[in-house]
Amino acid sequence: RADEVETNFVMVDVGPDPGMPERLRDHGVMLSGTLEPNVMRAVTHMDIDDDAIERATERIAAALSP
């Protein structure tokens, strides 16, 4: 069951913008590419705290906004 799985992998749909990896880097976020062109993978180290996750999600949202 999905609610029983703990993982540090999150898949992010970044849309069809081919410049998105660079825009994310410009916002201080490094995501990995996947086999799906619109999907990138976020991975965190187990020592990353909730505040760092919140900052990363805010930066991802800023990069995704037009």
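Computed from a predicted structure; not experimentally measured.

Caption draft 1: Quick look at the pattern of salt bridges. The full count for this structure, using the stated rule, is 1 salt bridge. The closest approach of N and O atoms between aspartate 17 and arginine 23, which form a salt bridge, is 2.6 Å. By relative accessible area, arginine 23 is classed as partly exposed at 28%.

Caption draft 2: Seen up close, the sheet that holds strand β3 (residues 39-43). Read from one edge to the other, the open sheet built from 3 strands follows the order β1-β3-β2, with strand pairing classed as antiparallel. Both outer strands of the open sheet, β1 (9-13) and β2 (32-33), are each paired with one neighbouring strand and no more. Both β2 and β3 contribute to a ladder of 2 bridges, which runs antiparallel. Its bridge partner being in β3, glycine 33 is matched across the sheet by methionine 40.

Conventions adopted
Residues numbered from 1 in each chain as written. Predicted model: local features only at pLDDT ≥ 70, side-chain atom pairs only at ≥ 80, totals over all residues. Heavy atoms only, no water. Salt bridge = Lys/Arg side-chain N within 4 Å of Asp/Glu carboxyl O. Buried < 20%, exposed > 50% of the residue type's maximum accessible area, 1.4 Å probe, protein only. Pairing = 2+ DSSP bridges. Helix = DSSP H or I, 4+ residues; strand = E, 2+ residues; numbered from the N terminus.

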